[in-house]
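# Architecture and fold: a report
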Amino acid sequence: MTDYQAARPAQYRKAIVLCCDQGFLKFAAFVATQIFELHPDPDFDVCICSHETLALPETLGQLPVRLCHLPLPTVLEDAPQSYRINLSSYLRLFVPQAFATDYDRILYLDSDIFLRGGDFSKLLDTELRDDHPVAAVRTSHQRDNQLKQMPEFKALGQPPAPYFNAGILLIDVPRWDASDILPKALDLMKTQPDVLNMHDQSVLNIVLRDNWSELSVAWNWMYSGRFSYLLESCDPFILHFAGRIKPWNRLNGEFPPKYPEVYRAFFAKHYPEEAEKMPPAASIFEAQKFHKKSLLKQWWDFNGLARYISRFDDPYVAIDPRS
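The sections below set out a description of the structure shown in this document. Note that the structure is predicted; figures quoted are calculated from it, not measured. (Residues numbered from 1 in each chain as written. Predicted model: local features only at pLDDT ≥ 70, side-chain atom pairs only at ≥ 80, totals over all residues. Heavy atoms only, no water.)

## So, the environment of Leu 239
- In this structure, Leu 239 sits in strand β11 (residues 238-240).
- Sequence separation between Leu 239 and Trp 221 is 18 residues, and the spatial gap between their C-alpha atoms is 4.9 Å.
- Among all residues touching Leu 239, those that are not within four sequence positions of it are Asp 112, Ile 113, Phe 114, Arg 116, Trp 221, Tyr 223, Leu 231 and Tyr 259. (Helix = DSSP H or I, 4+ residues; strand = E, 2+ residues; numbered from the N terminus. Contact = heavy atoms within 4.5 Å.)

Quick look at the structure:
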């Protein structure tokens with residue numbers, strides 16, 4: 001069992017969990033504030049976990065979040081990393097085991113997301129199909145072709161299979177434990193590190209192949225300015241800024257002004273040094289130049305995206321990824 005320490009005890013049997021290091025704490029705190037704005041009287045805990053000792057600024061001292069110290073297991077010392085994915089990302093693999101005595105259900109969230117709505121308590125209670133331990137949203141690479149071959153499966157000599165983005169994971173903790181997810185993941189990381197091109201996401205997709213339920217894209221819309229018009233038509237609950245360009249580091253017209261400005265206001269209040277680092281907003285001419293290039297792409301992709309979205313009648317119902 002992986003031990004963790006928290007300043008306050010668990011209050012409920014379900015939780016939303018974010019993992020980060022000190023450098024990304026400001027973004028995790030931003031997500032936490034959004035959660036409590038949507039749910040001022042939640043029936044779930046909100047936890048921010050790190051292998052580092054975290055501290056929120058005094059201005060966020062009343063935020064009812066559990067700051068949890070989860071030591072970095074030594075087994076991760078040789079885990080693959082990149083300039084965008086560091087060891088903090090692997091903590092999601094250990095969260096279900098660490099919190100097994102506290103929570104039956106966990107919703108793991110990446111920190112580079114923006115919440116637009118949704119009932120997270122209802123999502124936490126969503127039934128997973130066929131005793132699956134996890135529900136997640138299909139990768140954007142498989143929206144047009146739901147059985148597009150992914151590099152990990154190809155490297156292993158396996159046929160195509162549904163593949164999910166690991167930025168949002170609904171976890172049934174007892175089923176996760178019963179399925180031996182963590183031991184299988186650690187064995188894979190030790191024996192076949194060369195196939196893990198997406199690091200911990202690769203690990204989870206290989207270990208959970210054909211053993212996960214699919215959630216609506218409403219819960220993990222991989223943001224791209226190329227699809228901004230489709231975004232407003234589909235009105236997802238969660239935007240995921242998973243790429244290199246994010247609404248706080250490069251304002252080239254890709255993001256509608258409302259998103260960078262919300263971050264700017266949050267940073268100005270709680271992390272003023274970060275507000276000063278944010279670049280100025282793009283001019284209307286820069287935005288126009290960017291979106292001119294995207295109009296044809298959005299028109300071209302609309303039918304495929306519409307077919308993909310039509311598979312979900314209810315965003316709170318998980319489906320079979322092969323349906």
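## A word on the nonpolar core
- Residues Ile 48, Leu 107, Leu 109, Trp 219, Ile 238 and Phe 267 are the most contacted members of the largest nonpolar core, which totals 60 residues.
- The leading source of residues in this core is helix α1 (residues 25-38), at 9 residues.
- Those residues in contact with Leu 107 that lie beyond four places of it in its chain are Ala 15, Ile 16, Val 17, Phe 120, Leu 123, Leu 124, Ile 168, Leu 169 and Leu 170.
- Core analysis: the next-biggest nonpolar cluster, separate from the first, contains 46 residues, Tyr 108, Tyr 163, Ile 171 and Leu 208 among them. (Core = buried A, V, L, I, M, F, W, Y, C linked by side-chain atoms within 4.5 Å. Buried < 20%, exposed > 50% of the residue type's maximum accessible area, 1.4 Å probe, protein only.)

## As for unusual backbone geometry
- For His 199, which is not a glycine, the phi torsion comes out positive at approximately 55 degrees.
- For His 199, a relative accessible area of 8% puts it in the buried group.
- Non-glycine residue Asp 210 carries a positive phi angle of around 60 degrees.
- Here Asp 210 lies in the loop between α7 (200-207) and β9 (212-214).

## A few points about the sheet that holds strand β8 (residues 164-172)
- Ordered by their spatial adjacency, 8 strands build an open sheet running β1-β4-β3-β2-β5-β8-β7-β9, and the pairing between neighbours is mixed. At either margin of the open sheet sits one strand with a lone partner, and together these are β1 (5-6) and β9.
- Bridging between strand β7 (residues 134-138) and β8 involves 5 bridges; their strand directions are antiparallel. Across the sheet, the residue bridging to Val 137 is Asn 165, located in β8.
- Together, β2 (14-19), β3 (45-50) and β5 (105-109) form the strand contacts of α1, whose direction differs from that of β3 by roughly 175 degrees. (Pairing = 2+ DSSP bridges. Axes fitted to C-alpha atoms, helices over the stretch in contact; angles between N-to-C directions.)

## What to know about the packing of helix α6 (residues 181-191) against α7
- Here α6 crosses α7 at 120 degrees, and the two axes come no closer than 10 Å. The angle between α6 and α7 falls in the class oblique. Both α6 and α7 take part in a crossing whose hand is right-handed. Two secondary-structure elements touch here, α6 through Ile 181, Lys 184, Ala 185, Leu 188 and Met 189 and α7 through Val 203, Leu 204, Ile 206 and Val 207. (Parallel < 35°, antiparallel > 145°, perpendicular 65-115°, else oblique. Left-handed = near helix turned anticlockwise from the far one by under 90°.)

## Considering the environment of Phe 30
- Mapped onto the elements of the fold, Phe 30 is located in helix α1.
- Take Phe 30: its relative accessible area is 2%, and that puts it in the buried class.
- Between the C-alpha atoms of Phe 30 and Ile 113, which are 83 residues apart in sequence, the distance is 9.1 Å.
- Other than its neighbours up to four places away in sequence, Phe 30 contacts Ile 113, Phe 114, Val 262, Tyr 263 and Phe 266.

## A word on the pattern of salt bridges
- Within this structure, the stated rule accounts for 17 salt bridges.
- Between Arg 116 and Asp 235 there is a salt bridge whose closest N-O contact spans 2.6 Å. In this pair, Arg 116 sits in the loop between β6 (113-115) and α3 (120-124) while Asp 235 sits in the loop between α8 (228-234) and β11, placing the two residues 119 residues apart along the sequence.
- Its salt-bridge partner being Arg 138, residue Glu 214 comes within 3.0 Å of it at the nearest N-O pair. With Glu 214 in strand β9 and Arg 138 in strand β7, this pair connects stretches of sequence that are 76 residues apart.
- Classification of Glu 214 as buried rests on a relative accessible area of 0%.
- Taken together, the shared-partner salt bridges in this structure form one network comprising Arg 105, Asp 131, Asp 172 and Arg 175. (Salt bridge = Lys/Arg side-chain N within 4 Å of Asp/Glu carboxyl O.)

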